[in-house]
Structures are given as C-alpha cells and as structure tokens.
Amino acid sequence: MNAIQQEAHGASLWHAVSRDRRDRSALHDWINVDLAIVGGGFSGLSTALHAAGKGLSVAVLEAEIIAWGATGRNAGFVVPNFAKMDPDNILAHLGPEHGERLVDFAAGSADLVFDLIRRHGIDCDAVQNGWIQPAHSPAAFEKVKSRTEQWARRGRPAVTLDRQEVEALTGARGYIGGWMDRSGGVLNPVAYARGLADAAQTAGARLFEHTRVTAVDRVADGWTLKTPSGSVRAGKVLIATNAYGGPLNPLLRRTYLPLKVFQVATEPLPREVRTRLLPGGQGVGDTRRNLFTFRFDADNRLITGGMHILSVGADTRVPRTIWRRLGHHLGLPDLPPLAYGWSGMAAVEPDFLPHLLDLGPGLIAGRACNGRGIAMTTAMGKVLADWAVGTEARDLPLPFAPPAPIPFHALLRHAPNMLLGWSMLRDRLDETGRPPQATA
C-alpha cells in the first residue's frame, strides 16, 4: 500500500504492523465508577492503569479505537525534556517551587515509560539507548551545551556531543555538535498503547471503544457522561482527548494551537546502509525551527516527519516533500521509496509546557504533548491517579488553572503553518555551510 493510500485509510505504519489488537465493545449500559476518562490515548490509558492500581473503579471511553488519535500517529520518540524551554527557563517562568516540581516530573518521564514496558511485559519494540539532538548552527550548539549542563546538574544522564560524536552516533554529517539524554529512546506507539490498555484492564479498569461522549453534565456529587448507547456516573472525570476532542468542549479548542504533523516511513533500508545510520537505534530530532527528525523501526524502515505551509493538496504533496528532505539531509540518493505516510493533530500550548485545565469540581482536562507526547503523557497519567484518589490538583507538579482561550484564536491557529516558510529561511541563514550530509 503506498503512502497516499495508507493515509486515505486513516491508519499509520504503527496500526498496520502492530499485532494482537483486542476488540473492545461499546458501552451499552449505565455504569457507576470513581473515575471516568474520555480518550483512549497515552494519557487516558496511563491514568487508568495507575488509578486502577490504587483501587479505584475506572472507565475509559474512546470514540474510535485505542490509540486512534495522536497516540497512534506520532513517530514513537520517548523524550524526557521540554520542546522549547530548559530547566532554568521553567524556574524563571513558574517560580522555584513549581518550576522544580515540573522539571523533576519531566526528568523521570522516559524512565517511567520503559519501566512500565518491562513491568507489564509490553511487546512494543522499545529501545532505550538515548535521544539525540544535533545542533545545526554554532548558536544552536551553545544553547545545547547550556541545556546539557542544566539537566546534568539535576542528575540526568545528559552528555554533550562534539561533531565527531554526532556523526558516529547518527551517521549524519555537517552538524556542529549536539547532546544526548541516555534515558530517552524509541518504540512502537500503537503497540505500547495497546500494552497499557491491557495492563489497565488487568488492573480492573473497564475500557470501551466506539463510545463517543456527547455530553458531560454536573450532578449533585459528581458527573454524568452521556454516550449514544449508555451513560457513566463518575465522581471525577478526566478529559484526555488532546486535539481530538471535537465539539465536546468548544472552550478547550480555543486554548491550544492545532498542528497537523505528517510522518512517513520508507521501505526497509539495505543492511550495509542501515549499519552506518543510527547503529545504536536512537531517535534524532535536531535544533532546526523546521524540525528534522529520523529513526528506524524494528524492520529497518527509516521514519521522518514534517509540516505543511499550504493545506491544499498537503496529504499527497507533503509526504513526498519530507521523503525528499530525508534523502537530502542524510545523503541517500538511493533512499528506498515510501512505504507509509500518515498524519496526526498535535495540540500546541502557547508556552509549550504540559497543563492541567480546571473545568469544574472533579473535572480536569490534561494536555502534555507539545512534541513530547509519549513520555509526558505517561507521566501525567501517574500524577493524575494521585488526583483521582484525593490529592489536590494544585499540589500536582503540572501547572493547573482554568482554561485561558488564546486571543484571536481563529487567526493564530494557523500561525505554525503560516510561519513555516520564515522558519525554514532562518534555519538556512543560521547554517554556516551546506545542509548536513551523511555517510552512505
């Protein structure tokens, strides 16, 4: 199946290759639980697993199937840091107390993911050999060195890489240097999500697919969630839909910027080329504003992603464009053809930090992606389980506040795409020579 056909079917590489999908029925009843979770992605499933482990009765209501949204449409990077801010910036932004708690929350997020995988025997092609961020310019390398020092100061396995080390670890030439957090890694996100779902169900949570929540209404001592064929009475509710919430809460849709991200996977690379690129199996995301990423899956398919400027024709145009970019940046004139192409919607916060949104007594929406979804949302689920058993939301390590709609949202929601061309130009001006090339 070619890239355009795969996208038309609404699936990703991960949906196509993941095994052991368990069909779960829709809700056809009225049930009463301690915690109801709307959304069967990483954050909802992690919360369900940890809350059920604390003895709560839990129901997860997923409108499609487990891992249908952004959870199943990302590249599978496990990254234990923030997309735009470093620890010192966060302390300045949130204050020492709240800032340190959020930094500590992120620092152990990748370790939590891989610990859950080991503990529950989740078969998801997980490799915890590190996440690498090469620097595309001298100025970016200075920022990278500061970033490394800030995380290393907190006991994290963060190391600065010189030009030669970046080339040896990645196979990519032309970068100034970079850094690596050795606790990061890669995995198959759909298989991981399915493993979390099975573990949550084993712990006692009830999971329902094809169960779209149409309303969440306040009752005397909790909430009622209505679906087309049933309802749930819950003491507490988590909205864990990220950018896939639809019309459930129109206010939430104005608190983030939606960003459509495309991913592609090639046919498997020849072994002689594969051994020269990422021999340790790490994931790579560089410092460009127009982010360049790459990794391999378990079958040696090369995976990368990108965005679009113009939406017209993007579903067929952009996968081919980012495939060509992949071959150019890695110096692979004989890059294998596209095998899969897909896209997903990310929710980007104005400050690029995870947030908990106060929607009423015992009703929270959680967002922790911003390009760091797997690690951050898994960790968010663990702390939300504490909230479910009685911890005050304001005492959790994530920022907690009522929803704050973005001014001029109707216009600004297009900003990430509209500014992409300018970002690409600035990246080129930053670079001192030709774009990075690779051994091949």
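Source: prediction; values computed, not measured.

J.: So what exactly am I meant to see when it comes to the pairing of strand E4 (residues 131-135) here?
T.: Every regular strand shows the same layout, with side chains that alternate between the two sheet faces. Counting buried residues in E4 gives five out of five residues, a clear majority hidden from the surface. Where E4 lies against strand E6 (residues 177-181), five bridges are found, and the strand directions are antiparallel. Each bridged residue has a counterpart across the sheet, and for Pro 134 the counterpart in E6 is Gly 178. In the sheet, E4 pairs with strand E13 (residues 283-285) via two bridges, with the strands oriented parallel. Paired with Trp 131 across the two strands is Gly 283, which belongs to E13.

J.: Just to check I follow, could you spell out the pattern of salt bridges for this structure?
T.: Pairing between side chains becomes possible if they bear opposite charge and their charged atoms approach one another. On inspection of all chains with the given rule, the structure shows 24 salt bridges. As a salt-bridge pair, Arg 19 and Asp 123 come within 3.1 Å of each other at their nearest N and O atoms. Of this pair, Arg 19 sits in the loop between helix H2 (13-17) and strand E1 (30-38) while Asp 123 sits in the loop between helix H6 (109-120) and E4, and the two are 104 residues apart along the sequence. Arg 19 sits in the exposed class, given a relative accessible area of 51%. On the accessibility criterion, Asp 123 (52% relative accessible area) is exposed. The partner of Arg 289 in a salt bridge is Asp 430, and the shortest N-O contact between them spans 2.6 Å. Here Asp 430 lies in helix H16 (residues 420-430) and Arg 289 lies in the loop between E13 and strand E14 (293-296), a separation of 141 residues in the sequence. You can call Arg 289 partly exposed: its relative accessible area is 32%.

J.: Teacher, can you tell me more about the packing of aromatic side chains here?
T.: Given two aromatic rings, their pairing is described by the distance between the two centres and the angle made by the two planes. The full count for this structure, using the stated rule, is five aromatic pairs. Seen from the ring of Trp 68, Arg 73 lies directly overhead, with NZ or CZ sitting 4.7 Å from the centre. For the cation-ring pair, Arg 274 lies above Phe 296, with the distance from its terminal atom to the ring centre recorded as 3.8 Å.

J.: For this particular structure, what's the right way to read helix H13 (residues 373-388)?
T.: With 16 residues, H13 should reach 22 Å at 1.5 Å per residue; the first-to-last C-alpha distance of 21 Å fits that figure. The buried fraction of H13 amounts to 14 of the 16 residues, a majority that puts the element mostly inside the structure. Backbone geometry just downstream of H13 places Gly 390 in the positive-phi region, at approximately 135 degrees.

J.: Which parts of the structure should I look at to understand the packing of helix H4 (residues 87-94) against helix H5 (residues 96-107)?
T.: In a pair of packed helices, the angle between the axes and the distance between the axes together describe the arrangement. Viewed as axis vectors pointing N to C, H4 and H5 meet at an angle of 140 degrees, and their least axial separation amounts to 7 Å. On the basis of their axis angle, the class for H4 and H5 is oblique. The element H4 and its partner H5 pack so that their crossing is right-handed. Counted together, Pro 87, Ile 90, Leu 91 and Leu 94 of H4 and Pro 96, His 98, Gly 99, Glu 100, Leu 102 and Val 103 of H5 form the full contact between these two elements. Of the residues that constitute the contact of H4 with H5, the class distribution is seven nonpolar, two polar and one charged.

J.: Mind showing me how you'd approach H5 here?
T.: Since the α-helix packs 3.6 residues into each turn, any two residues three or four apart lie on the same face. Between its first and last C-alpha, H5 extends 16 Å over twelve residues, near the 16 Å set by a 1.5 Å rise per residue. Among the residues of H5, those classed as buried are Gly 99, Leu 102, Val 103, Phe 105, Ala 106 and Ala 107. Summarising the contacts, the buried residues of H5 are in contact with H4, H6, helix H7 (138-152) and H13.

J.: Help me out: how do you make sense of the nonpolar core in this one?
T.: General note: in soluble globular proteins, nonpolar side chains tend to be found buried as a group. Counting 79 residues, the largest nonpolar core has Val 58, Phe 105 and Tyr 192 as its most contacted members. Sort the elements by how many residues they give to this core and H13 lands first, with ten residues. With residues near it in sequence (within four places) discarded, Tyr 192 still touches Phe 42, Val 113, Leu 116, Ile 117, Ile 122, Cys 124, Leu 187, Ile 374 and Thr 378.

The rules behind each value
- Residues numbered from 1 in each chain as written.
- Predicted model: local features only at pLDDT ≥ 70, side-chain atom pairs only at ≥ 80, totals over all residues.
- Heavy atoms only, no water.
- Buried < 20%, exposed > 50% of the residue type's maximum accessible area, 1.4 Å probe, protein only.
- Helix = DSSP H or I, 4+ residues; strand = E, 2+ residues; numbered from the N terminus.
- Pairing = 2+ DSSP bridges.
- Salt bridge = Lys/Arg side-chain N within 4 Å of Asp/Glu carboxyl O.
- Phe/Tyr/Trp six-rings, centres within 6.5 Å; stacked < 30°, edge-to-face > 60°.
- Lys NZ or Arg CZ within 6 Å of the ring centre and 35° of its normal.
- Expected span 1.5 Å × (residues − 1).
- Axes fitted to C-alpha atoms, helices over the stretch in contact; angles between N-to-C directions.
- Parallel < 35°, antiparallel > 145°, perpendicular 65-115°, else oblique.
- Left-handed = near helix turned anticlockwise from the far one by under 90°.
- Contact = heavy atoms within 4.5 Å.
- Nonpolar A, V, L, I, M, F, W, Y, C, P; charged D, E, K, R; others polar.
- Core = buried A, V, L, I, M, F, W, Y, C linked by side-chain atoms within 4.5 Å.

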